[in-house]
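Listed here are the chains, written in short residue letters.
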Amino acid sequence: MNGKVRKYRWGDGKKKVIFNISFIFLITSIILSLSAISSAKSSGEIVYVATDGSGNFNCNGTHDQVEINKALAYVAENPQFTTVHLKGPNVYVISGSIFVGSNTILEGDSTAVIKLKNKAGWREEKPLITQMESAGNHDIIIRGFEIDGNHDKNSERDRGKGYYNLIYFLNSENIQVHDMYMHDSHGDGLKVSKGSNVRFYNNTVYKLGHDALYIIYSSNVEAWNNNITCRTNSGLRIYNTNHVAFHNNVIDSEGEGGAGIEVQKADQSTVMDDIEIYNNLLYETNAAGIWITGYGSEYSKDSAKDVYIHHNKFYETGIDLRAAWAGGIVLNGFQNTLIENNLFDGCYGAAIAHKEVTNEFSAPSSGYTTIVRNNIIVNTKSSPAAGKGYAIYNKLKNTHSFILEKNCLSNNADGNYMYASSTSDVDVDPGFVEKVSKNESLRKDFPWSEALSAGPQGPYQIEENRPHMGQEESLGSSLMRAVSNFLRYLKRFFLNLFIDFNGTENFKTALPLIASDNRLKEDSPNKNSHESEYIDVGNSQMEAGIGMLYSLS
């Protein structure tokens, strides 16, 4: 009897043990699941990509876009996740495009590098990073990592022809690209066509194959705090685009490319009447610091007007000796442009000029007026193609005019005006502006103190070895940069030597002879001429020849 009771009791106890173990397992599973969800939320719903097995998706160094795209697709399909993070220090070599969906952040450590494979052989207009949906995407952020366009290992393609753009979006909105290091490509850094609400900031962009930022038929665009070294075309560019602000950028070149900032209108139906360019430093750009042009079929002046350019510093812009569009600001075809409180120091040809770069860029009408006031224009230098060194040069005197008010002028090589005049500008002694800039008490009462402090609002300096957003360069990249800087020094030395030489005619005669022995541009579409002055109309290119000094880099 007692044995049976014990047997029954043991059976009941066994059931309780199993039930308790099951219950504990269930509770533990729930806790772990909640913990995982909480952890995901606390890290911003991040999916990690790595090369060492530590990521949610792991690459092996070849065709790495496959795993990155799987991670991006996972985020797109699971709304609780928002971010794909590329772990560094890793190089992710891609043989195909990366596709980003809406409401997605693609980010990485500063030591994470997306790199185009060698000899990729892609078709034209296939970018490294683009949208997931062909109809367009929205609310995309790309930030924090490096993109290497691997230019030299894809030399079978020409620059500026639409190959290997780093990032491209079409019919998309709310795009942010920031804190990136983008370099050595055949095409654009960020290209957006028919988009809106584009933000491009805190990026370092070095020697791309087209524009660092190229915006086409879009609206609401802002670019700031970027460090850009141009190679083939411009730093910041808009084409038939409105509601634009470019500010606090540093843009230069190393003897190649075109303008620092480019503004183009070539469509009757588009309006460009809200464009502001301010607090930028433009120095040693190959052609103009800023080029503004309206051309093509006739359009209303109300559709191309009121560009506002203020508090920028232009230092030795227009270093290409053969560039007719060298200088500080070169413009045509826009009405009521206001240029004020800028500092122009050592620009080549002319500080501010009305010019047509070629016949293709002819303004369709006449009566265009540009207002220039309260600027400092000093030390303008002669350029064989761009002008003898004027403060103001109106080469389009039959169709364009200047209103000049209270500008401070000094030491401009061939005088202050060509086909322009002013009754209120002030000519000061050579060196006076430099003296004021170094004396706080003089500066306080200086009428042009605003212009004297023009440039980025924050720490900056004109230097040839700018850091790349905390990126660590390889030994090879460092050596290439050192060679590039040495060549740049040589070009500046010979530039000043030739300009100071007695008589421009001797220089004009000698330059073609020197140039004929220096055909070093490996990717010039026209192999019978040199590439440096790069003029781009929409997606087409024209080249003008250059001399030996700018064939070196």
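(A) Structural detail: the overall build of the chain. A count of helical and extended segments in the chain gives seven helices and 41 strands. Looking at the chain residue by residue over its 553 residues, the buried ones come to 54%. A separation of at least 24 residues holds for 70% of the contacts in the chain among residues at least 6 apart in sequence. Accessible surface for the chain amounts to roughly 23,300 Å². Of this, 52% is attributable to carbon and sulfur atoms.

(B) Local environment of the environment of Lys301. Considering the arrangement of structural elements, one finds Lys301 in the loop between β26 (288–294) and β27 (308–310). Sequence-wise, Lys301 and Tyr368 are 67 residues apart; in three dimensions their C-alpha atoms are separated by 8.1 Å. Sequence-distant contacts of Lys301, defined by excluding residues within four places in its chain, comprise Gln335, Ser365, Ser366, Gly367 and Tyr368.

(C) Main features of the pattern of salt bridges. Scanning the model with the defined rule gives eleven salt bridges in all. Among the salt bridges present, the one from Arg159 reaches Glu256, with a minimum N-O distance of 3.7 Å. Of this pair, Arg159 sits in the loop between β10 (146–148) and β11 (167–170) while Glu256 sits in the loop between β22 (250–253) and β23 (261–265), and the two are 97 residues apart along the sequence. Glu256 carries the same exposure label as Arg159, and that label is buried. The network of salt bridges with common partners includes Arg159, Lys207, Glu254 and Glu256.

(D) Inspection of the sheet that holds strand β5 (residues 98–100) at higher detail. In spatial order, the strands read β5-β8-β11-β14-β17-β20-β23-β26-β29-β32-β35-β38; together these twelve strands make up an open sheet with parallel pairing. The sheet terminates laterally at β5 and β38 (417–418), the two strands that pair on one side only. In terms of strand pairing, strand β32 (residues 350–354) meets strand β35 (residues 390–394) through four bridges, oriented parallel. Counted as the bridge partner of Ile352 is Ile392 from β35.

(E) Molecular detail of the environment of Asn336. By the element assignment, Asn336 lies in the loop between β29 (327–332) and β30 (337–340). When its relative accessible area of 31% is taken as the criterion, Asn336 is described as partly exposed. As a C-alpha pair, Asn336 and Lys301 span 35 residues in sequence and 9.1 Å in three-dimensional space. With near-sequence residues (within four places) excluded, Asn336 lies in contact with Asp306, Val307, Thr369 and Ile371.

(F) Examining the side chain of Asn226 more closely. Structurally, Asn226 can be placed in the loop between β18 (219–224) and β19 (227–230). Judged by relative accessible area, which is 1%, Asn226 ranks as buried. One polar contact links the side chain of Asn226 to the main-chain amide nitrogen of Asn202, over a distance of 3.4 Å. Among the polar contacts listed, one links the side chain of Asn226 to the backbone nitrogen of Asn203, at a separation of 3.0 Å.

(G) How the structure looks around the nonpolar core. Counting 83 residues, the largest nonpolar core has Leu106, Ile129, Ile142, Phe145, Ile167 and Ile352 as its most contacted members. With four residues, the single largest contributor to this core is helix α2 (residues 65–77). Formed by 15 residues, the second largest nonpolar core is a distinct cluster that contains Ala287, Ala323, Val357 and Ala386.

(H) Focus on the environment of Gly101. Within the fold, Gly101 resides in the loop between β5 and β6 (104–108). Spatially, the C-alpha atom of Gly101 lies 7.6 Å from that of His138, the residues being 37 residues apart in sequence. What Gly101 contacts, discounting residues up to four positions off in sequence, is Met132, Asn137 and Ile140.

(I) Examining the side chain of Ser253 more closely. By the element assignment, Ser253 lies in strand β22. Ser253 gets classed as buried once you look at its relative accessible area, which sits at 1%. From its side chain, Ser253 meets the backbone oxygen of Glu284 in a polar contact 2.8 Å long.

(J) Expanded view of the packing of aromatic side chains. The tally for this structure, following the rule as stated, stands at 13 aromatic pairs. With a centroid separation of 6.0 Å and an interplanar angle of 80°, the aromatic rings of Tyr217 and Tyr239 are classed as edge-to-face. Taken together, the positions of Tyr217 in the loop between β17 (213–216) and β18 and Tyr239 in strand β20 (residues 236–239) put the pair 22 residues apart, joining distant regions of the chain. Since its relative accessible area comes to 12%, Tyr239 is described here as buried. Between Trp291 and Phe361, the aromatic rings sit 5.0 Å apart at their centres with planes inclined by 70°, giving edge-to-face as the arrangement.

(K) Summary view of α2. End to end, α2 covers 18 Å across 13 residues, agreeing with the expected 18 Å (1.5 Å per residue, within 8%). The complete set of buried residues in α2 reads Gln65, Glu67, Ile68, Asn69, Ala71, Leu72 and Val75. Against the buried residues of α2 lie β1 (46–50), β2 (57–58), β3 (83–86), β4 (90–94), β5 and β6.

(L) Structural view of the pairing of β18. The pairing of strand β15 (residues 196–201) with β18 spans five bridges and is classified as parallel. Its bridge partner lying in β18, Phe200 is registered against Ala223. Where β18 lies against strand β21 (residues 242–247), five bridges are found, and the strand directions are parallel. Bridging from a neighbouring strand, Ser219 pairs with Asn242 of β21.

Parameters and conventions
Residues numbered from 1 in each chain as written. Predicted model: local features only at pLDDT ≥ 70, side-chain atom pairs only at ≥ 80, totals over all residues. Heavy atoms only, no water. Helix = DSSP H or I, 4+ residues; strand = E, 2+ residues; numbered from the N terminus. Buried < 20%, exposed > 50% of the residue type's maximum accessible area, 1.4 Å probe, protein only. Contact = heavy atoms within 4.5 Å. Areas by Shrake-Rupley, 256 points an atom, 1.4 Å probe, with all protein chains shown as cover. Salt bridge = Lys/Arg side-chain N within 4 Å of Asp/Glu carboxyl O. Pairing = 2+ DSSP bridges. Polar contact = N/O pair within 3.5 Å; in protein donor to acceptor, adjacent residues only side chain to side chain. Core = buried A, V, L, I, M, F, W, Y, C linked by side-chain atoms within 4.5 Å. Phe/Tyr/Trp six-rings, centres within 6.5 Å; stacked < 30°, edge-to-face > 60°. Expected span 1.5 Å × (residues − 1).

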